[in-house]
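Each chain is listed here by its residues.
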Amino acid sequence: MKCVVCRESAVIDVRRANSNFCSDHFLRFCQEQMSRAIREFDMLSPTDRVLVAVSGGKDSLAVWDLLQRSGYEADGLYVGLGIDGYSDTSGDYARAFAESRGLKLIEIDLPTDYGYDIPTGARAARRAPCSACGTSKRHLFDKAALEGSYDVLVTGHNLDDEAAVLFGNVLRWQTEYLARQMPVLQARVGFPKKVKPLIRLSERDTAAYCILQGIDYMVEECPMSAGNKHLGYKEALNSIELASPGTKSDFYSGFLRKASALFRAEYLEKSPTGQDSASVDELTYCERCSAPSTASLCAFCRLVDKAGGSVRVEEGRIGSGLEDNAAQSVRITTRAERLASSTTREVEAGQ
Ligand code: AMP
Ligand code: FES
Ligand code: ZN
Ligand code: ZN
């Protein structure tokens, strides 16, 4: 097996591209695929301050590494979810990566900062763990990006993730979700710009990228995700891909090129704000945390309440895009600042 570029011996085959690569040319291939996605969807500009949501897994560490190598100013954000036997280790991988490269990692810890963890919070709120987890992560990602005045929030979602979500949305014809399934979501009041630069790389690619680049990552999947329907969709797509390489990327890229705008047009007609089915009149701000919301309390604050949590807040606010609506701020620190910090105080979420 020879590298299609230099004819040296290849270390990996990328069947959907009908190509084998040596280590150097595979790393270059990954960089090019990311740059192409960034250009095609106008994801980032060179001067953007970028916040990368880092789980300690292969995708988010790969995208942080790739962005940094491409010259972007990119800090990391890790959210500790309090999942036994998983969160501590995944945090260690994120921290080790940041420390090895002298990068800044912002850490938020659900049990410490909000008084609940995903397993008990989900049980108390009678929600599936992944649903409670998604609500928590989305809220904390948005908040951290706005409070840190970042231009854009990056996640490590890859081709397999996006194709599986698309598959699920198509199977049930969830047209509203289809309208919003974009690799770029523009900033709106209360929401940062969000982008997914790895949509042209598969899970296998990001794992190989990390191994070849010497990046240690959390291999185990989240124990709470067992039985998650997206894992089933991934398996189904993988067996189709095995028989017919390239189908997965054709499915997803074809959707973006040919179908996405149609769903979007229909959705924007119904919901001019681009919010979840909310008309302009319905849109308001959470009276506790000031996040955009369709009710007096946002989904995150309702979850914190149901989970019996509390919000740990800091005096003053770190630079925010939401000053006008700010009721309180969460504590966002680097690990070093966290250890040195003595200014936090506990405030009951009900206050
Ligand atoms: P997942 O929802 O686990 O498939 O993760 C999708 C993306 O969300 C990852 O690639 C990360 O960018 C981000 N992410 C997931 N979990 C965390 C976490 N605990 N802290 C920070 N970012 C995360
Ligand atoms: Fe969210 Fe597992 S990472 S439930
Ligand atoms: Zn080569
Ligand atoms: Zn709220």
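If you're wondering where the values come from, they're calculated on a predicted model, not measured in any experiment.

So, about helix 2 (residues 58-69). For helix 2, with 12 residues, the first-to-last C-alpha span of 16 Å sits near the 16 Å given by 1.5 Å per residue. Counted residue by residue, helix 2 has 10 buried out of 12 residues, so it is predominantly covered. Residues Lys-58, Asp-59, Ser-60, Leu-61, Ala-62, Val-63, Trp-64, Asp-65, Leu-66 and Leu-67 constitute the buried set of helix 2.

A few words now on the site of ligand 1. Neighbouring residues of ligand 1: 13 residues in total, closest Ala-53, Val-54, Leu-77, Val-79 and Gly-156. Gly-156 has a polar backbone atom sitting 2.9 Å from an oxygen atom of ligand 1. Bound to the protein, ligand 1 loses 76% of the 470 Å² it would expose on its own. Every element with two or more residues in the shell around ligand 1 is listed here: strand 4 (73-80) and helix 6 (129-147). With three residues, strand 4 is the single largest residue contributor to the shell around ligand 1. For the shell around ligand 1, the class distribution of residues is seven nonpolar, five polar and one charged.

Before going further, it helps to spend a moment on the nonpolar core. Core analysis: the largest hydrophobic core is formed by 51 residues, its most contacted members being Phe-26, Leu-44, Val-52, Trp-64 and Leu-67. Broken down by element, this core gets its largest block of residues, seven residues, from helix 1 (residues 23-40). The contact partners of Phe-26, leaving out residues within four places of it in the chain, are Ile-12, Val-14, Phe-21, Asp-205, Ala-208, Tyr-209 and Leu-212. By size, the runner-up hydrophobic cluster in this structure holds 36 residues, among which are Leu-77, Ile-118, Cys-222 and Cys-298.

The subject of this paragraph is the side chain of Ser-19. Locating Ser-19 in the fold gives a position in strand 2 (residues 19-21). Excluding residues that lie within four positions of it along the chain, Ser-19 makes contacts with Val-4, Ile-12, Asp-13 and Val-14.

In an ideal tetrahedron of four donors about a metal, each angle is 109.5 degrees. In an ideal octahedron of six donors, the angles are 90 or 180 degrees. Distances from the zinc ion (ligand 4) to its protein donors, Cys-286 (SG), Cys-289 (SG), Cys-298 (SG) and Cys-301 (SG), fall within 2.3 Å. Bound by four donor atoms, the zinc ion (ligand 4) shows angles of 105 to 115 degrees at the metal and therefore tetrahedral coordination geometry. Mapping the donors of the zinc ion (ligand 4) onto the primary sequence yields the spacing C-x2-C-x8-C-x2-C. Taking relative accessible area as the criterion, Cys-298 reaches 4% and is therefore assigned buried.

Peptide bonds are, in most cases, trans, and in most cases residues other than glycine have a negative phi. Of note, the phi angle at Asn-18 is positive, near 50 degrees, even though the residue is not glycine. Relative to the elements of secondary structure, Asn-18 occurs in the loop between strand 1 (12-14) and strand 2. Overall, Asn-18 belongs to the exposed group, its relative accessible area being 71%. Even without being glycine, Trp-173 reaches a positive phi, approximately 45 degrees. You can see Trp-173 is positioned in the loop between helix 7 (159-171) and helix 8 (175-180).

Turning to the coordination of the zinc ion (ligand 3), a few remarks are in order. Looking at the zinc ion (ligand 3), one finds its protein donor set to be Cys-3 (SG), Cys-6 (SG), Cys-22 (SG) and His-25 (ND1), positioned 2.1 to 2.3 Å from the metal centre. Around the zinc ion (ligand 3) sit four donor atoms; with metal-centred angles ranging over 97 to 115 degrees, the donor geometry is tetrahedral. All donors of the zinc ion (ligand 3) belong to a single chain; written as a sequence motif, their spacing is C-x2-C-x15-C-x2-H. Of the two residues examined, Cys-22 and His-25, each falls in the buried class.

Parameters at a glance
- Residue positions are given per chain, counting from 1 as you read along its sequence in written order.
- Chain letters and ligand numbers both follow the written order, the letters beginning at A and the numbers at 1.
- Side-chain atom pairs in this predicted model are given and counted only at pLDDT of 80 or more, local residue features only at pLDDT of at least 70, and totals for whole chains, interfaces and linings cover all residues.
- Each side-chain value is derived from all of the structure's non-hydrogen atoms; neither hydrogens nor water enter the calculation.
- Numbering of helices and strands starts at the N terminus; helices are DSSP runs of H or I of at least 4 residues and strands are runs of E of at least 2.
- Take the residue count of a helix, subtract one, and multiply by 1.5 Å to get its expected span.
- Residue burial is assigned from relative accessible area. The probe radius is 1.4 Å, only protein chains are included, and a residue is buried under 20% of its type maximum, exposed over 50%, and partly exposed in between.
- We call a residue near a given molecule or strand whenever any one of its heavy atoms falls within 4 Å of it.
- Pairing of N or O atoms within 3.5 Å defines a polar contact, subject to two protein rules: one partner must be a possible hydrogen donor and the other a possible acceptor, and residues neighboring in sequence count only if both atoms are side-chain atoms.
- Exposure was quantified through the Shrake-Rupley algorithm and a 1.4 Å probe, taking into account, for residues, occlusion by the shown protein chains and nothing else.
- In this classification, Asp, Glu, Lys and Arg are treated as charged, Ala, Val, Leu, Ile, Met, Phe, Trp, Tyr, Cys and Pro as nonpolar, and every other residue, Gly included, as polar.
- Side-chain atoms within 4.5 Å are what join buried Ala, Val, Leu, Ile, Met, Phe, Trp, Tyr and Cys residues into a set we call a nonpolar core.
- The contact definition used throughout considers only heavy atoms, calling two residues in contact when any of these lie within 4.5 Å.
- Shown as donors are all N, O and S atoms within 2.8 Å of a metal ion, widened to 3.2 Å for Na, K and Ca; because water is not in the atom set, sites may appear incomplete.
- Irregular is the label for any site that misses the other tests, which are tetrahedral for four donors with all angles between 85 and 135 degrees, and square planar for four donors or octahedral for six when opposite donors exceed 155 degrees and the remaining angles lie between 65 and 115.

All quantities given are derived from atomic positions and should not be read as evidence of function.
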